[in-house]
Amino acid sequence: MTQVPIDSTGGRRRASALGVIATSFALAFLLAPPSQAAYEQTGCFAGHFPGLTESCKPLSEAELKAEGFKFGEEVQLGGVGGMAVNHTGAGGVPAGTVYAVVSDNSDVGKARIAAFTPTAGGGLELSLGWLMTTAEGPYERCGPDLEPTPTKCPIRVKSGPASVDVEVDQSTGNVYVYSGGGDATAGRKYIAVYEPDGSAVIARFGERVLSPEPTATHPELMHGTGGPSRNGLAVDDSGTVYFYDGNGYQRLMVFEPQSPGDYEHYVYAGEVQIDPGTGPVTKYPTLDEAGNVYVASDKVIRMYPPQTPAPYPAPAAVPACSFEFAAGGITTIAVDPLTGTPFFFTYKNPKRLYQLGPCDPETGQFTGGIVGETVVKPERDDLYGLAFDPVRKLTGRPAGVLYGGAPNPVSSVGAGKGEPGQSSLGYVFAGAAVPQKTLTVAKAGSGTGKVTSTPSGIDCGSDCDEEFAEGSEVTLSAEADAGSDFTGWSGSGCSGTANCIVTMSEAKSVTATFDEEAEEEPGIALTVATEGTGTGTVSSDKGAISCNPFCTDEYEAGTVVTLTATPTPGSVFYSWKYCDKGGVNGRQCTVTLDKAKTVKATFTTTHALTLTKVGGLGKVQSAPGGVLCLFNCSETTASFKEGTEVTLKQTPAKHFHFVQWGGDCTGSGACEVTMGEAHEVSALFTEDSKHLLTLTKQGGGAGTVKSSVAGINCGAACSEMASAYYQGTEVELTATPGKGSAFEGWSGGGCSGTGTCTVTMSEAREVTAEFG
């Protein structure tokens, strides 16, 4: 199995990743007395909505029929696998749209995606459904605003969790679906990417039939988890897809768009081995906004920060936090993408939904361990799909809604197993109810504009009052429309034009005033013109000049404007015209607007001069400067203005000499070129010639002979030695007799006597030293 190298340095992600912790901590938390419930069940939803009471008790078939049973007969929520929320409203669907992916006994091995839209009363209503098929469309969509086709739309729900999962890209709204069962005839497993409304398939990848298995040469084939694959899929807002591949593979597969923003073509980017932890294999990858990856097994939940830079934003090798749930039975996890708060469900009685605190990388623990829990009615079902909406807010409760999907159909609803009216439940959980206070925004003045709030709720606009939790802080921001100015706040202690911060200790009212713009007096025109054989842009420190194309703007009399010229590649800035006296500083020009003025910037074309050394050692430099090719340089290129006369000067290294120019220069003298076009010049250096100096020792005595220039070192056992020396080198030979011997003199090479022998290497030389 190919392993992606783990890199612990920084990354391409949109938010700073938590640092990698050298040692992970596994904390065991036993089931203690229930802590304060951070979230509580507020209602249910299902495929035959609204066929449930507020207490989530199923209605009889007669009661369901009395309610109309329209869309509920065609698409039901049964055999739930994964769930996902589009909390941004990306892709044109309503913000807070919940997707559930379900199994379908009538089309064995296929999955259907059901979309639920938030209602004003805090509930969800089924708005759309489509079938996941292996063929290229149509996608068998159904919905109250579509024309349903009875033969295509019914789901005959089955028991048990579906081997399917769904995720949403929060930047595009695209819906990603994994089918673990595939076609009944082909046993296919693959990931499909749909438009947010299910109207078209954008991409499909990772496909595998029952044979062949993934191999070292085909690692992009998905094996699948071998069992339920709910929450086996995660997508970040760059479109990068993570898929947990289990059954002995224990790898987190990564698929990426072929190029940024290209959501039609996906490529396999690699894989990372993940520690399977305690209990059944690791599964359920999910992400937060910082790119941290959360995974879980039967007992262990871990958070891995992203490794960066990397070929893709893969998790680091070491988890930043680890949590062990001793009771086990974890079926699914979700995470608040904004705060990094994990939620998990365990089927062990009593069936509970637990909340952890965010990861603290300093301690390696999820802050405080379990900080809240909710008892899910055990007679209803387990939760296998789980998704969190960090933005949605139910009346009287803080923002943040958790949705859970049950895998099994409710047998007491409808005509019987597989018949319309039978459906699993979807649960809605929200923070505990808190006292609410109303904040009202009014707008005044002759102008127009909009006021929005953080946390969300006021968009005034049309929605100018909202209830917020007692004691909470609400920040109001004002934005004027074109032709208007925001001139200030009044009421509830707010004033000025900065954001208004209101503490909701009681009901409060704030007024935002917008006034029209007074008409402005005509200004003085400053115009910029560009000229010359080159190209470039000119920008201003004041106003909107960005030439080209906006080369004119108007200013109040007396305004001092600084212009900056920036050449485009292949050009250089040459000169200014008509700037203030003393107002030119390189590429900057200062202009005082006491009357209408035109400033000109000249750009000149540049041409490349390429110098190549083809042999030997030497230095080449140009006048004017630009080309500097030192002894270890083989090639360099410099750009010169149009018409520049350039002279190249050559300097050979020691024991080398210059031979000749090549290319656009010839001979061995000075090389001069005029830069009216690109030029290429080569310089040939060659090594000086060498001559051989041969030393021979004669006589019955012993001794050594050494040269002043390294090469000759003929010791007692040496009778002859030779060394080559460059032309003209002076070599001094010194003879030293051994013990009991005497040096009797030189011969050859113009040397004689018993002193030092000096040889000038103008040709090959032979010298004899005699010892007696």
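Residues numbered from 1 in each chain as written. Predicted model: local features only at pLDDT ≥ 70, side-chain atom pairs only at ≥ 80, totals over all residues. Heavy atoms only, no water.

**Q** Would you take a moment to explain the overall build of the protein for this structure?
**A** Secondary structure assignment for the protein yields 1 helix and 59 strands. Among the 772 residues that make up the protein, the fraction classed as buried is 47%. Within the protein, counting contacts between residues at least 6 apart in sequence, those at least 24 apart form 59% of the total. Accessible surface for the protein amounts to roughly 33,600 Å². Of this, 49% is attributable to carbon and sulfur atoms. (Helix = DSSP H or I, 4+ residues; strand = E, 2+ residues; numbered from the N terminus. Buried < 20%, exposed > 50% of the residue type's maximum accessible area, 1.4 Å probe, protein only. Contact = heavy atoms within 4.5 Å. Areas by Shrake-Rupley, 256 points an atom, 1.4 Å probe, with all protein chains shown as cover.)

**Q** What's the story with the sheet that holds strand E34 (residues 500-503) in this structure? I'm lost.
**A** Strand pairs in the sheet, formed through backbone hydrogen bonds, run parallel or antiparallel to each other. Taken together, 4 strands build an open sheet; the order of strands is E30-E29-E32-E34 and the sheet is antiparallel. Where the open sheet ends on each side, the last strands, each with one partner, are strand E30 (459-460) and E34. Where strand E32 (residues 473-480) and E34 come together, 4 bridges link them in antiparallel fashion. Each residue of the ladder has a partner; that of Val474, found in E34, is Val502. (Pairing = 2+ DSSP bridges.)

**Q** Any chance you could explain a negative patch on the surface here in plain terms?
**A** Where like charges cluster on the molecular surface, the negative patch consists of Glu635, Asp664, Glu677 and Glu680. As for its position among the elements, Glu677 is in the loop between strand E50 (671-674) and strand E51 (679-687). Taking relative accessible area as the criterion, Glu677 reaches 49% and is therefore assigned partly exposed. (Patch = residues over 30% accessible without salt bridge, like charges linked within 9 Å, V, L, I, M, F, W, Y side chains within 5 Å. Salt bridge = Lys/Arg side-chain N within 4 Å of Asp/Glu carboxyl O. Lys, Arg positive; Asp, Glu negative; His and termini not counted. Charge placed at Lys NZ, Arg CZ, Asp CG, Glu CD.)

**Q** Just to check I follow, could you spell out the nonpolar core for this structure?
**A** Side chains that are nonpolar tend, in soluble globular proteins, to be buried together. Counting residues in each nonpolar core, the largest one holds 20 residues, and the members touching the most others are Leu526, Val538, Leu563, Trp576 and Val599. Elements that contribute at least two residues to this core include exactly strand E36 (524-531), strand E40 (560-567), strand E41 (571-577), strand E43 (588-592) and strand E44 (597-615). When near neighbours in sequence (up to four residues on either side) are disregarded, Val538 contacts Val528, Thr530, Ile545, Ser546, Cys547, Leu563, Thr564, Ala565, Trp576, Ala601 and Phe603. (Core = buried A, V, L, I, M, F, W, Y, C linked by side-chain atoms within 4.5 Å.)

**Q** Can you help me understand the sheet that holds strand E57 (residues 743-747) in this one?
**A** As summarised here, the arrangement of the 4 strands in space is E55-E52-E59-E57, forming an open sheet in which the pairing is mixed. Of all the strands in the sheet, just strand E55 (720-726) and E57 have a single pairing partner and so form its edges. The mean inter-strand angle of the sheet, taken between neighbouring strand axes irrespective of direction, is 20°. Inspection of the sheet shows strand E52 (residues 690-698) paired to strand E59 (residues 765-771) by 6 bridges, in the parallel sense. Looking at the pairing, Leu693 lines up with Arg765 of E59. (Axes fitted to C-alpha atoms, helices over the stretch in contact; angles between N-to-C directions.)

**Q** How should the pattern of salt bridges be read in this particular structure?
**A** Pairs may arise between side chains of opposite charge once their charged atoms sit close together. Enumeration according to the criterion identifies 8 salt bridges in this entry. Of the charged contacts in the structure, one is a salt bridge between Glu271 and Arg251, with a shortest N-O distance of 2.7 Å. With Glu271 in strand E14 (residues 266-273) and Arg251 in strand E13 (residues 251-257), this residue pair connects regions lying 20 residues apart in the sequence. Residue Glu271 shares its accessibility class with Arg251, and that shared class is buried. In this structure, the salt-bridge partner of Lys577 is Glu531, at a minimum N-O distance of 3.1 Å.

**Q** Looking at this structure, how should I read the environment of Thr590?
**A** Here Thr590 shows up in strand E43. Contact partners of Thr590, with chain neighbours within four places excluded, come to Val560, Val561, Thr562, Cys579, Asp580 and Gly583.

**Q** Just checking my understanding: could you explain the confidence of the model for the protein for this structure?
**A** Detailed reading of the predicted coordinates is not advisable wherever pLDDT is low. In this model, the protein carries a mean pLDDT of 81, and residues with pLDDT of at least 70 account for 78%. Note that pLDDT drops below 50 for residues 182-186; the model gives that stretch 11 contacts with residues more than four away or on any other chain. (pLDDT = per-residue confidence, 0-100.)

**Q** Looking at this model, I keep getting lost on unusual backbone geometry. Mind explaining?
**A** When glycine is set aside, most residues are seen to have a negative phi, and most peptide bonds are trans. Cis geometry marks the peptide bond from Thr454 to Pro455; its omega dihedral reads 0°. Residue position: Pro455 is located in the loop between strand E29 (449-454) and E30. In this model, Tyr578 sits at a positive phi of 70°, which is unusual for a non-glycine residue. Relative to the elements of secondary structure, Tyr578 occurs in the loop between E41 and strand E42 (584-585). On the basis of relative accessible area, Tyr578 is assigned to the exposed category, the value being 54%. If you check the backbone angles, His655 has positive phi at about 70° while not being a glycine. Along the polypeptide, His655 turns up in the loop between strand E48 (645-652) and strand E49 (656-663).

**Q** What exactly am I supposed to notice about the state of the cysteines here?
**A** Here a disulfide denotes one covalent bond, and it connects the sulfur atoms of two cysteines. In the structure shown here, the tally under the stated rule is 9 disulfides. Paired through a disulfide, Cys579 and Cys589 show a sulfur-sulfur distance of 2.0 Å. In this structure, the disulfide formed by Cys579 and Cys589 twists by about -125° around the S-S bond and is classed as left-handed. One end of the pair, Cys579, is in the loop between E41 and E42; the other, Cys589, is in strand E43, with 10 residues separating them in the sequence. Take Cys589: its relative accessible area is 0%, and that puts it in the buried class. (Disulfide = S-S within 2.5 Å.)

**Q** Sorry if this is basic, but what is going on with the packing of aromatic side chains here?
**A** Within this structure, the stated rule accounts for 23 aromatic pairs. Every member of this aromatic cluster is reached through a ring pair, and the members are Tyr176, Phe205, Phe255, Tyr266 and Tyr268. One residue, Lys690, lies across the ring of Tyr726, its end atom 4.7 Å from the ring centre. (Phe/Tyr/Trp six-rings, centres within 6.5 Å; stacked < 30°, edge-to-face > 60°. Lys NZ or Arg CZ within 6 Å of the ring centre and 35° of its normal.)

**Q** Please clarify how the pairing of E13 should be interpreted in this entry.
**A** Two faces make up the sheet, and in a regular strand the side chains alternate between them. In terms of burial, E13 is largely enclosed, as 7 of its 7 residues are buried. One ladder, built from 5 bridges, connects strand E12 (residues 241-245) with E13; its direction is antiparallel. By the bridge assignment, Tyr242 is partnered in E13 with Val254. In this sheet, E14 lies alongside E13 in antiparallel orientation, the contact comprising 7 bridges. Within E14, the position partnered with Phe255 by the bridge is Tyr268.

**Q** Would you explain the environment of Ala724 in this entry?
**A** When you line up the elements, Ala724 lands in strand E55. Counting along the chain gives 32 residues from Ala724 to Leu692, while the straight-line C-alpha distance between them is 4.2 Å.

**Q** Sorry, what's going on with the environment of Ala478 here?
**A** For Ala478, the location among the structural elements is in strand E32. Taking relative accessible area as the criterion, Ala478 reaches 27% and is therefore assigned partly exposed. For Ala478 and Thr452, which are 26 residues apart along the polypeptide, the C-alpha to C-alpha distance reads 6.7 Å. With residues near it in sequence (within four places) discarded, Ala478 still touches Lys450, Val451, Phe486, Trp489 and Phe514.

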